[in-house]
Amino acid sequence: MLTGNHKNIFNDARVPWSEYRYYDPKTVGLDFEGMIADIQAAPEGSFVLLHGCAHNPTGIDPTPEQWEKLADVIEEKKHMPFFDVAYQGFASGSLDEDASSVRLFVKRGLEVFVAQSYSKNLGLYAERIGAINVICSAPEVADRVKSQLKRLARPMYSNPPIHGAKIVANVVGDPTMFGEWKEEMEQMAGRIKNVRQKLYDSLTEKDQSGKDWSFILSQIGMFSFTGLNRPQSDNMTDKWHIYMTKDGRISLAGLNLAKCEYLADAIIDSFHNVN
Ligand SMILES: Cc1ncc(COP(=O)(O)O)c(C=O)c1O
């Protein structure tokens, strides 16, 4: 499942793409069988775009066992895994835990592309700080990849901006600041988890229909898919003045504990009273 931005990037670069199944609206969970079947059916040697952690927009990540199975299929089909990692540390609160999907592929000796963004986890949106890491099978391959990347970068943006990169280097290069950053990130991830729990508790307490809202707790990261469709999302905005994307996604980072009950009332009303 690609984000709108991925599609625009691939279209602009004239890279042909197609989507694998990911989100299952029936369970508001992962359509793992569909995902595996589509990746298996893709032409051998395809690039497979994966979200390393905290999938945007759904908030639904594969389990460790499902990641293993994905790596099996990708290896078997000689596909190239391309990880988009924009929320490392924001999902679980731990940089290492959130890197486990990528590390699982690298441990198998697979070649891997990893596009990392530090916009969120370092709060540096406007500095455009990120990195592309390519794990290659041999030094000669790395040389070839490097020359291709330089060939792409020079006519595209020429040189990367340096100010944000120096801020990052300052933080990660100093053990005290690195420790503070990790602590603060854990706090932020913990805050989001608390809000997620409170939203689930409010929904379960208020909704008398017996609907299972546990998918909210299975999701991870800044976003949650509510399972609301377009007319229901419109009702959230028109009647309750809750502004969200029309695919039913809400950002938990923009929510506080005091507003969870109001949000739960709005979701319950939209879900049960609008088709
Ligand atoms: C999965 C994913 N990748 C990349 C980005 C964008 O990162 P950047 O701010 O570095 O462009 C986002 C969100 O904006 C995202 O959700």
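Reading the values: the criteria
Throughout, a residue's number is its position along its own chain's written sequence, starting from 1. A pLDDT threshold of at least 70 governs which residues receive local features in this predicted model, and a stricter bar of 80 or more applies before side-chain atom pairs are shown or counted, although totals over entire chains, interfaces and linings include all residues. As a convention, hydrogens and water are excluded, and side-chain values are obtained from all of the structure's heavy atoms. In this text, buried Ala, Val, Leu, Ile, Met, Phe, Trp, Tyr and Cys residues form a nonpolar core when linked through side-chain atoms within 4.5 Å. A simple rule labels every residue: compare its accessible area, found with a 1.4 Å probe on the protein chains alone, to the largest value its type can have, and call it buried under 20%, exposed over 50%, or partly exposed in between. Secondary structure counts use DSSP, requiring at least four H or I residues in a row for a helix and at least two E residues in a row for a strand, with both numbered from the N terminus. Each domain's extent was defined by an automatic or database domain assignment. Residue contacts are counted whenever heavy atoms from the two residues lie within 4.5 Å of one another. The near set for a molecule or strand comprises every residue that places at least one heavy atom within 4 Å of it. Counted as a polar contact is a pair of N or O atoms within 3.5 Å, where, for protein atoms, one must be capable of donating a hydrogen and the other of accepting one, and residues adjacent in sequence contribute only when both atoms are in side chains. Here the term cavity refers to a set of points on a 1 Å grid, laid over the protein atoms alone, in which a 1.4 Å probe fits but cannot get out; the term pocket refers to an open set having protein on both sides within 12 Å along at least five of seven lines, with lining residues being those that place an atom within 4 Å of a point. Grid points are joined across faces, edges and corners, and a volume is the space filled by probe spheres set on the points. Note that Gly is not counted as nonpolar here; it falls among the polar residues with everything else outside the nonpolar set of Ala, Val, Leu, Ile, Met, Phe, Trp, Tyr, Cys and Pro and the charged set of Asp, Glu, Lys and Arg. Counted as salt bridges are all cases of a side-chain nitrogen of Lys or Arg within 4 Å of a carboxyl oxygen of Asp or Glu.

## Let's talk about the nonpolar core
Reasoning step 1: Tyr87, Leu199, Leu203, Met236, Leu263 and Ile267 are the most contacted members of the largest nonpolar core, which totals 41 residues.
Reasoning step 2: Broken down by secondary-structure element, the contributors of at least two residues to this core are α7 (163–172), α8 (175–206), α9 (215–218), β7 (223–225) and α11 (260–273).
Reasoning step 3: The element contributing the most residues to this core is α8, with seven residues.
Reasoning step 4: Counting the residues that make up this core, at least three belong to each of domain 1 (4–172) and domain 2 (187–273).
Reasoning step 5: In this structure, Ile267 is in contact with Leu199, Leu203, Trp213, Thr226, Leu228 and Met236, ignoring residues within four places of it in sequence.
Reasoning step 6: Of all hydrophobic cores here, the second largest spans 23 residues; its members include Tyr20, Tyr22, Ile60 and Leu70.

## As for the site of the ligand
Reasoning step 1: Neighbouring the ligand are the residues His51, Asn56, Asp84, Ala86, Tyr87, Ser117, Ser119, Lys120 and Arg128.
Reasoning step 2: Separating a nitrogen atom of the ligand from a side-chain N or O atom of Asp84 is a distance of 2.8 Å.
Reasoning step 3: Side-chain polar atom of Ser117 to an oxygen atom of the ligand: 2.6 Å apart, as the coordinates give it.

## Quick notes on the layout of surface pockets
Gaps left between atoms show up when a probe the size of a water molecule is rolled over them.
Reasoning step 1: A volume near 440 Å³ is recorded for the second largest pocket.
Reasoning step 2: Lining the second largest pocket are 21 residues, and of these Asp61, Pro62, Thr63, Pro64 and Trp67 lie nearest its centre.
Reasoning step 3: Broken down by secondary-structure element, the contributors of at least two residues to the lining of the second largest pocket are β2 (29–30), α3 (64–76), α4 (95–98) and α5 (100–107).
Reasoning step 4: Among the residues forming the lining of the second largest pocket, the class breakdown is ten nonpolar, eight polar and three charged.

## Focus: the pattern of salt bridges
Reasoning step 1: Summed over all chains, the structure comprises eleven salt bridges.
Reasoning step 2: When the shortest N-O distance is used, the salt bridge between Arg108 and Glu75 registers 3.1 Å. Linking Arg108 in the loop between α5 and β5 (112–117) with Glu75 in helix α3, this pair joins segments that are 33 residues apart in sequence.
Reasoning step 3: Assessed through its relative accessible area of 28%, Arg108 is described here as partly exposed.
Reasoning step 4: The residue Arg103 makes a salt bridge to Asp96 at a minimum N-O spacing of 3.0 Å.
Reasoning step 5: Overall, the relative accessible area of 43% leaves Arg103 in the partly exposed class.
Reasoning step 6: Connected through salt bridges with shared partners, the residues Glu68, Asp72, Glu75 and Arg108 form a single ionic network.

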